[in-house]
Amino acid sequence: MKNNTAIDNKLHNTKLLLRKDRDIVWSLEVSVQRMKSDFDSEYGSSIEDYLDTIYLAGAELSGTSLEYHAQCIDRSHKMIKLVNEAIELLRSKHKYGETYYWILYYTYLSPQKLENVEEVITALIPHLKRLISKRTYFSKSNDAIGELGTILWAY
């Protein structure tokens, strides 16, 4: 019983993470752009140029709001990188990796969310070289999420 609970939690957590992926990536990109824009308007230079000057001068940024925002962005970036590495590992090493990748991509990872399962299945045709049924899609989708969860939560 406990083993089934662990499997259910892994599947649930992985699916939840995938559902949030688009929003997380978007928020991170917006945060970086906003920070760059705010910085440029406040200091009259790019963050990169400013940091180069600060480091050359030997100044510290610890405890500043700039450091805090940079750390938040860095943590989010590391999380996205971890998920992307796990997806790439699944794609390149699992016997059904290419199929799983495209199912995950069109269902959760593509920049634009597709409207429904039929659109996802249609988008899969060039990659799978065939049309699959909804039942097959849902079965393979759960398998892909389960395998990705094994990679992610085994770290």
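Cut-offs used in this document
Residues numbered from 1 in each chain as written. Predicted model: local features only at pLDDT ≥ 70, side-chain atom pairs only at ≥ 80, totals over all residues. Heavy atoms only, no water. Helix = DSSP H or I, 4+ residues; strand = E, 2+ residues; numbered from the N terminus. Buried < 20%, exposed > 50% of the residue type's maximum accessible area, 1.4 Å probe, protein only. Contact = heavy atoms within 4.5 Å. Areas by Shrake-Rupley, 256 points an atom, 1.4 Å probe, with all protein chains shown as cover. Core = buried A, V, L, I, M, F, W, Y, C linked by side-chain atoms within 4.5 Å. Expected span 1.5 Å × (residues − 1). Arc of directions from axis to C-beta. Polar contact = N/O pair within 3.5 Å; in protein donor to acceptor, adjacent residues only side chain to side chain.

Enquirer: What's the story with the overall build of the protein in this structure? I'm lost.
Expert: Regarding its fold elements, the protein presents six helices and zero strands. In sequence order, the secondary structure elements of the protein are arranged as α-α-α-α-α-α. A total of 155 residues make up the protein; the buried ones form 29% of that total. For the protein, restricting intrachain contacts to residue pairs at least 6 apart in sequence, the fraction spanning at least 24 positions comes to 62%. Carbon and sulfur atoms make up 53% of the accessible area of the protein, which totals about 10600 Å².

Enquirer: Teacher, can you tell me more about the nonpolar core here?
Expert: Nonpolar side chains in soluble globular proteins generally cluster together in the buried interior. Judged by nonpolar contacts, the single largest core of 27 residues is most densely connected at Leu-18, Leu-104, Leu-124, Tyr-137 and Leu-148. The greatest single-element share of this core, amounting to eight residues, is contributed by helix H4 (residues 97-109). Sequence-distant contacts of Leu-18, that is, excluding residues within four places in its chain, are made with Leu-104, Tyr-108, Leu-109, Ile-145 and Leu-148.

Enquirer: What is the right way to look at helix H5 (residues 117-128) in this model?
Expert: Along an α-helix, residues three or four positions apart point the same way, because every turn accommodates 3.6 residues. Helix length check: H5, at 12 residues, gives a terminal C-alpha distance of 15 Å against a target of 16 Å (1.5 Å per residue), a fit within 8%. Listing the buried residues of H5 in full gives Val-117, Val-120, Ile-121, Ala-123, Leu-124 and Leu-128. Viewed along the axis of H5, the buried residues span an arc of 165 degrees, placing them on a single side of the element. As for H5, its buried residues are in contact with H4 and helix H6 (134-154). Looking at where H5 begins, the residue whose side-chain oxygen comes 3.2 Å from the main-chain nitrogen of Glu-118 is Asn-116. After H5 finishes, the residue Lys-129 shows a positive phi value of roughly 65 degrees.

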